[in-house]
Amino acid sequence: MTKRILIFFILIHHFTNLFGQVKVSGVVLDTDKNPVSFANVIFKGSTVGTVSDENGKFYLQSDTFYPELEVSFLGFKNKTVSLKRTNFNMKIILEEDAGSLKEVTLYTGRIKNKDNPAIAILKKIWKKKRTNGLKKFNFYEYDKYEKLEFDLNSIDDKLKKNKIFKGMEFVFDQVDTSSITGKAYLPIFINESLYKIYGKNTIPKKVNEKLLANKNSGFSDNQGLIAFIKQLYVDYDIYDNYIKFFDKSFTSPLSRLGPSTYNYALADSAFIDNKWCFNIIFYPRRQNELTFKGDFWVNDTTYAVKEIEMAASKSMNINWVKDIYIEQEFDVVNDSIFLLKRDHFMSDFSINKKEKTKGIYGKRTTLYDNHIFDIKRSDEYYKPDVMQDPEIYSRDDQFWSQNRKEALNKDEKGIYKMLDTLQTVRKFKELTNISEILTTGYMNLTRGFDWGPIYNTIGYNDIEGLRLGFGGRTYFKRSDPWRLQGFLAYGFKDAKFKYGVEAKWLLSKKYRWIYSLGNRRDIEQLGVSLTTSNDILNRSFATTSIFTRGDNEKLTNVNITNTKFSIEPFKNFEIRLGTTFKTLKSANPEIFKMDYYDQNGHIQSEVKQTDFTLALQYTPKRVPWGLGVDQGVSNEGKFPTFYLSYTRGYKGILESDFDYHKLQFYYEQPLQFGLIGRSKIFFEIGKTFNTVPLALLNVVPGNQTYFTARRVFDLLDYYEFVTDQYASLHLEHNFNGRIFSKIPYLKKLNLREIIGIRGVIGSISEENMAINASSVPYVAPDKLYWEYHVGIGNIFKLIRIDLSYRGSYRDVPNVTKFAIKGGFGFYF
């Protein structure tokens, strides 16, 4: 009898869920059959609703059945429509309301800000916003649960029959329908994280996210994939003027710039959690801008937002992203404090923005709980962890069932089971191996050994001719505490072998003590970097470039041995202490000489040098991943870098030739400027003390390839300028299509405008000029050398073309005054 009663209640629960749901999709039109954009669509008698898109289309779903749908928009009569359980492809016609038009004047969809009650409420939000939430307390802590999910969307019969899924048809048992878009989707990845947050608002302000647990489906060792996904969904604050993600700055609907960017309308008022709230609808005034459409509920006394839903404009200039949807809920602590309780972010990644194009949903759901305020902890609580416990990534199912802030639904539970099964399918392993090769450049040949980087297999330069190479590394797992890697290459023109080998060990995870030792005999282009680099296995891009202007014969034979210790005493601050012994001489002495006069006046063509180097590097806001000797960075190019190095050359040690000192510093900073785009700044300064030959001086980096590159001067040849003290500055700004979006026809191409300027000034001492016996005449840019460029990016979403112009030293014979450079890159 007990079993029958249990089964009975299970059946009741099942059918209640089944028949309690309501789904509706359609389009809102006016009487002339024109789409009504940004109409308010809501289940009558509820706060569950959405806003139609630019084409008047909408989709809405609820687990609770509502018999009626209400559609409204300023200037039109409200319309109520009866609903069934499922209601697809509905056409809802709105009639103009003459009375409404007298109260609110519309100009082609625009709403006047003057005497608009929504604007009055918005101004009160601005006044109160800095006293809402966590900012009211000196100290705070809370629990955070984060769930990331990727889903293959627009699933149809044609996709299911695709050959790529042969042998994996069982995955389609997990297909479901999105409650936001109404599209069928297949979950393919899920990642869960638990954090304990400690923060303080007293000076200096600090926040520490302490990771307690992490779990993901089928990719437990691929922390790089996890880190990449996480950095796509950074934290944001709707009260800020700009909401930043995908390297773009969207104007927030709560921004002080909002009235010039959005139309606002006071649409409704109701009780939410016993708090009287106003409902305000917003939508963009113009197309092709980084804006949203949606609505929010705001409390009538504290003017803190209770709920907000918004979707990015379809016309946004972002690559590979079709849709963005944001939903946030705030909790009421007391009459004056609202805290973020739930944050849901969904994006639809796709090759293009056509409605039927298949893509991938990326979802992030974050829940916040157990807030504690004004309890001061010791300073250690607010400092990031220098090392992580490996157990974080291997918590058992019991731990997760006890600590999850939100239970997994049946689809999410199915992902873990499905991907565990997929790991045994050969076809799936092949697909994951291909993706790993493309992203890392390495191919696993056998357990513990990877071949790569595969992109260095073939090369070419004027000295070696065709160059073929084979490289590899030891690789047992992502968190290997040691690694051995190297390469062997052969040049068919010079008929010589080259090699490089390096070993490194993680001696202690605390403070990341690392020791490395390596040796390389190779050919190198030294004229492409001011900052001295003693990396064993990294070769400059110009050494093997096939497409170059002019010759590329000024290459150097290098034999370099380096031993190095590094330590990270606190997060993102690294100290490196190393010793280098190197032998440098021309790889083509008949054309390119690196000779110098020694102290006896004899010409020498080879430099033997022993150096000791101390380097400090600080990268605040960098997000590293990996627990082994090698770490990756998930937010590359989004944090500032400060670098300082001191090199001491000793004469006589291991037959070393020169006594000298070298001091170098550089600062690199990416900056975002809201609607007008983003900039990159790179400043470098250095000086070499005492007398040294060409091989040890500071050569201003040129670029004789047809491609753009960082930290170089596009119109300089290699060794065109040689210095022993210098200062250089590189500035570049990308307008992200801000200008082109105003120009008819061009705005549809989503092109992006780029401008930049570079400059360097330096000198060379008479003592260094006196010992020069090389084929390079020493010329220093004692008067500022500068060049500038204008470019168009985002051509076919991948290509960039720059036009570069020389601004000074134009009268020098045979110099390059103008060049066209190209580039490729994957950018949002």
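Predicted, not measured: the structure shown is a model, and the values here were computed from it. (Residues numbered from 1 in each chain as written. Predicted model: local features only at pLDDT ≥ 70, side-chain atom pairs only at ≥ 80, totals over all residues. Heavy atoms only, no water.)

A separate point is the sheet that holds strand β6 (residues 79-82). Within the open sheet, the four strands sit side by side as β3-β2-β5-β6. Their pairing is antiparallel. At either margin of the open sheet sits one strand with a lone partner, and together these are β3 (49-51) and β6. Strand-to-strand twist across the sheet, computed as the mean angle between neighbouring axes with direction ignored, equals 20 degrees. Here strand β5 (residues 68-72) runs beside β6; their pairing, made up of four bridges, is antiparallel. The residue of β6 that forms the bridge with V71 is K79. (Pairing = 2+ DSSP bridges. Helix = DSSP H or I, 4+ residues; strand = E, 2+ residues; numbered from the N terminus. Axes fitted to C-alpha atoms, helices over the stretch in contact; angles between N-to-C directions.)

Side chains that are three or four residues apart share a direction in an α-helix, a result of its 3.6 residues per turn. With 12 residues, helix α3 (residues 117-128) should cover 16 Å at 1.5 Å per step; its first-to-last C-alpha distance of 17 Å lies within 8% of that length. Turning to α3, the residues buried within the fold contact α6 (258-261), β16 (262-272), β17 (275-284) and β18 (292-299). Taking the backbone nitrogen of A118 as reference, a side-chain oxygen 3.0 Å away marks N116 as the first, capping residue of α3. (Expected span 1.5 Å × (residues − 1). Contact = heavy atoms within 4.5 Å. Polar contact = N/O pair within 3.5 Å; in protein donor to acceptor, adjacent residues only side chain to side chain.)

The next thing to look at is the pattern of salt bridges. A side chain of one charge can pair with a side chain of the opposite charge when the charged atoms of the two come close. Under the definition given, this model contains 36 salt bridges. The salt bridge involving E289 is made with R286; its shortest N-O contact spans 2.8 Å. Overall, E289 belongs to the buried group, its relative accessible area being 5%. By relative accessible area, which is 29% here, R286 ends up partly exposed. K504 is the salt-bridge partner of D630, the closest N and O atoms lying 2.9 Å from each other. In this pair, D630 sits in the loop between β35 (624-625) and β36 (632-633) while K504 sits in strand β28 (residues 496-508), placing the two residues 126 residues apart along the sequence. When its relative accessible area of 22% is taken as the criterion, D630 is described as partly exposed. (Salt bridge = Lys/Arg side-chain N within 4 Å of Asp/Glu carboxyl O. Buried < 20%, exposed > 50% of the residue type's maximum accessible area, 1.4 Å probe, protein only.)

Mean pLDDT for the protein chain: 83, with 86% of residues reaching 70 or above. Per-residue pLDDT stays below 50 along residues 1-20; that stretch engages in eight contacts with residues further than four places along the chain or on separate chains. Below pLDDT 50 for its whole length, residues 99-108 participates in 14 contacts with residues either more than four positions away or in separate chains. (pLDDT = per-residue confidence, 0-100.)

Looking at where D522 falls in the secondary structure, it is placed in strand β29 (residues 513-524). A polar contact of 2.9 Å, which involves the side chain of D522, links it to the side chain of R467.

In terms of nonpolar packing, the biggest core is built from 41 residues, with I125, I238, F245, F250, F292, F296 and I324 touching the most fellow members. When contributions to this core are tallied by element, the ones reaching two or more residues are α3, β14 (242-245), β16, β17, β18, β19 (305-312), β20 (321-334) and β21 (337-350). Top contributing element to this core by residue count: α3, with six residues. Residues in contact with I238, not counting those within four places in the same chain, are I243, S252, L254, V305, I308, M310, Q328 and F330. One finds V36, L60, F76 and I92 within the second-largest nonpolar core, a separate group that totals 25 residues. (Core = buried A, V, L, I, M, F, W, Y, C linked by side-chain atoms within 4.5 Å.)

This paragraph deals with the sheet that holds strand β1 (residues 22-30). If you trace the three strands from one edge of the open sheet to the other, you get β4-β1-β7, paired in mixed fashion. In this open sheet, the two strands that pair with only one neighbour each are β4 (57-62) and β7 (86-94). With strand direction ignored, the average angle separating the axes of adjacent strands in the sheet is 25 degrees. Summarising the sheet, β1 and β7 pair through seven bridges and their orientation is parallel. Opposite V24, over in β7, you have N87 as the bridge partner.

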